[in-house]
Amino acid sequence: MLSRRAQGGALLAALVLAFGGATAYADGGKVVCNERGLCRVVADDTVSTPGQSGGGQQASDGTATKPKCYDSLVGNQEVPCYLKNYGYWANGRNCYFQQADPQPAAGDPRWDGHDPADGAVYDAYCPDNPNMNSSWFAQPPAGGPAVDPAVLALEAVKKMTLRGPDIANPRAAGTYTIGVPMWMWVNQSATTYGPQSATATAGAVTVTATAKVSKIVWRMGDGATVTCTGPGTVYAASAGMSKSPTCDHLYTTTSAGADGGKYQVTATSTWTIDWQVTAGGGQTGQLTEIRQTQTQVAIGELQVVR
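The rules behind each value
Residues numbered from 1 in each chain as written. Predicted model: local features only at pLDDT ≥ 70, side-chain atom pairs only at ≥ 80, totals over all residues. Heavy atoms only, no water. Helix = DSSP H or I, 4+ residues; strand = E, 2+ residues; numbered from the N terminus. Buried < 20%, exposed > 50% of the residue type's maximum accessible area, 1.4 Å probe, protein only. Areas by Shrake-Rupley, 256 points an atom, 1.4 Å probe, with all protein chains shown as cover. Polar contact = N/O pair within 3.5 Å; in protein donor to acceptor, adjacent residues only side chain to side chain. Contact = heavy atoms within 4.5 Å. Phe/Tyr/Trp six-rings, centres within 6.5 Å; stacked < 30°, edge-to-face > 60°. Pairing = 2+ DSSP bridges. Salt bridge = Lys/Arg side-chain N within 4 Å of Asp/Glu carboxyl O. Core = buried A, V, L, I, M, F, W, Y, C linked by side-chain atoms within 4.5 Å. Disulfide = S-S within 2.5 Å.

Participant: Could you give me a rundown of the overall build of the chain, with the residues and numbers involved?
Facilitator: When you go through the chain residue by residue, the secondary structure sums to 2 helices and 20 strands. Sorting the 306 residues of the chain into buried and exposed places 38% on the buried side. A total accessible area of about 16200 Å² is found for the chain, and carbon and sulfur atoms account for 50% of it.

Participant: Would you mind going over the side chain of Q196 in detail, with residue names and values included?
Facilitator: Note that Q196 resides in strand 15 (residues 196–202). A relative accessible area of 13% places Q196 in the buried class. Among the polar contacts made by the side chain of Q196, one reaches the main-chain carbonyl oxygen of A190 at a distance of 3.0 Å. Apart from the residues within four sequence positions on either side, Q196 is in contact with M160, T161, L162, A190, T191, A209, T210 and A211.

Participant: Lay out the packing of aromatic side chains in plain terms, naming residues and giving numbers.
Facilitator: Evaluated as defined, the whole model comprises 7 aromatic pairs. Summarising the aromatic geometry, the rings of Y96 and Y125 are spaced 6.4 Å apart at their centres and angled 20° between planes, so their arrangement reads as stacked. Taken together, the residues span a long stretch of sequence, with Y96 in strand 8 (residues 95–99) and Y125 in strand 9 (residues 120–125) at a distance of 29 residues. A single burial state applies to Y96 and to Y125, both of which are buried. Summarising the aromatic geometry, the rings of Y251 and Y263 are spaced 5.2 Å apart at their centres and angled 5° between planes, so their arrangement reads as stacked. Pair noted here: Y251 is in the loop between strand 18 (248–249) and strand 19 (263–279) and Y263 is in strand 19, with a separation of 12 residues, a long-range link. Chaining the aromatic ring pairs together yields one cluster made of Y86, W89, Y96 and Y125.

Participant: Before we move on, can you summarise the sheet that holds strand 10 (residues 134–137) with the specific residues and values?
Facilitator: Read across the open sheet, the 5 strands follow the order 6-7-8-9-10; overall the sheet is antiparallel. Both outer strands of the open sheet, strand 6 (82–83) and strand 10, are each paired with one neighbouring strand and no more.

Participant: I'd like a description of the pattern of salt bridges, backed by residues and values.
Facilitator: One pass over the full model with this rule turns up 4 salt bridges. The salt bridge partner of E155 is K158, with a shortest N-O separation of 3.2 Å. With E155 and K158 both in helix 2 (residues 149–158), this residue pair falls 3 residues apart, about one helical turn. For D248, the salt bridge is made with K243, and the minimal N-O distance between the two is 3.3 Å. Residue class for D248 comes out buried when judged on its relative accessible area of 13%.

Participant: Any chance you could break down the nonpolar core for me, citing the residues and the numbers?
Facilitator: In this structure, W218, M220, Y251 and V297 are the most contacted members of the largest nonpolar core, which totals 36 residues. Residues in contact with Y251, not counting those within four places in the same chain, are I178, G179, M182, M220, D222, Y263, V265, V297 and I299.

Participant: I'd like a description of the state of the cysteines, backed by residues and values.
Facilitator: In total, this model carries 2 disulfides according to the counting rule given. Between C95 and C126 runs a disulfide, and the two sulfur atoms are separated by 1.9 Å. Across the S-S bond linking C95 and C126, the dihedral sits near 105°, which makes this disulfide right-handed. Here the residue C95 occupies a position in strand 8, and C126 occupies one in the loop between strand 9 and strand 10, the gap between them amounting to 31 residues. Take C95: its relative accessible area is 5%, and that puts it in the buried class. Covalent S-S linkage joins C228 and C247, the inter-sulfur distance amounting to 2.0 Å.

Set out below in structure tokens:
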């Protein structure tokens, strides 16, 4: 008995042969057929299209930076290297493969007698062989474009919630004084300071990324910029009018002439994201993301009472 996917592919091919030309496809692409009656999906939602760079994919033959995927059964006709919901094309095998999710239970005939620890079962979509269903592989089916871990790292970052600094001081309420060091610090949480981790998987490759704020650049509104490599130190009354040991600024002019009588302070955090391949290799890398938050502060003069 054909699988649901194989049945759908066979039916789709039959419809195309019956009506000729190309027809719309459920995933947003179309099916085209050659003079031999062999049909294939040409998707509108491919990660990259043969002959074009994109998606971080490498060439299937490993010799160029542009994808190159082809069907050897149809005169080496180029095909999309990736189809949404169907996976990656494997040159020579002339099929799209993606790891079955969930994997079949141990003992399922699709394991072909192998232990689940020795590989994985991949679903197959083969335009030239609709009877092809699922197969066991010790390694991901070779021949298609390699999975780029850096692209997976970006996918992991998309799963994170990275926000600008949660400014605890300076506060918008109250008035600060010129000539007195202003201590700056931020509240720390997973979304505003880190660390925060997420993973992304494609085929047999899994990338884990961990993000943490590495510095905060404060633009103080009076033309000064202060760079702090930590969250800052919370002020204690015992410190009096001394400088902060980690992050502060000394205003020398009042904010009376600024818009609304306040300086606009912008805190910009740099998230440093370290990633590593935790399955399917051992590569590492680093990314950065920028986020910012703003507040306003009023700066006045110390009034001496006589």
